[in-house]
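Coordinate analysis (summary)
What follows is each chain in one-letter form.
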Amino acid sequence: NLSALSTRTNVTLIPNPSSIFVNVILDNNLGQQFNYSIHTLAGGTIQQGVLTSTNESVENIDVSALSEGVYILFLFAEDGSSIATEKLLISRN
């Protein structure tokens, strides 16, 4: 159930829905590195990477290879603990 997903830190995805890139805005986490993974609703991991929160706390993820649909973006601290979980919509319209 997507409405039951909890977020432990302030994370915003813009634009959402997205088509080519999604900007990940990480509030109050400047200078930290985060691992991310994008999953299908069935649970399969389809993309992974690392984000580094800079002075502007905005990082972007290339989602151009993803098919249209609904995905879940997970953010993890360097120690592997869960930071945030966000719904990500991909639309080419």
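Everything below is about the structure shown above.
I will try to describe carefully the structure that is included in this document. (Residues numbered from 1 in each chain as written. Predicted model: local features only at pLDDT ≥ 70, side-chain atom pairs only at ≥ 80, totals over all residues. Heavy atoms only, no water.)

Before going further, it helps to examine the environment of L73. Looking at where L73 falls in the secondary structure, it is placed in strand β6 (residues 69-76). A C-alpha to C-alpha distance of 5.7 Å links L73 and T85, two positions 12 residues apart in sequence. Non-local contacts of L73, meaning those with residues more than four positions away in its chain, are made with L13, V24, Y36, S37, I38, I61, A84, T85 and E86. (Helix = DSSP H or I, 4+ residues; strand = E, 2+ residues; numbered from the N terminus. Contact = heavy atoms within 4.5 Å.)

In this section: the sheet that holds strand β2 (residues 21-26). The antiparallel open sheet is built from 3 strands, whose spatial order is β1-β2-β5. Either end of the sheet is taken by a strand with one partner, and the two such strands are β1 (11-14) and β5 (58-62). Neighbour-to-neighbour, the strand axes of the sheet open up by a mean angle of 25°, direction not taken into account. Note that β2 and β5 share 5 bridges and pair antiparallel. The residue bridging I25 from the neighbouring strand is V58, located in β5. (Pairing = 2+ DSSP bridges. Axes fitted to C-alpha atoms, helices over the stretch in contact; angles between N-to-C directions.)

Here we come to the nonpolar core. Core analysis: the largest hydrophobic core is formed by 20 residues, its most contacted members being V24, I38, I61, V63, L75 and L88. Secondary structure elements with two or more residues in this core: β1, β2, β3 (33-40), β6 and β7 (82-90). For this core, the leading source of residues is β7, giving 4 residues. Beyond its immediate stretch of four places on either side in the chain, V24 contacts V11, T12, L13, L51, S57, V58, E59, I61, L73 and L75. (Core = buried A, V, L, I, M, F, W, Y, C linked by side-chain atoms within 4.5 Å. Buried < 20%, exposed > 50% of the residue type's maximum accessible area, 1.4 Å probe, protein only.)

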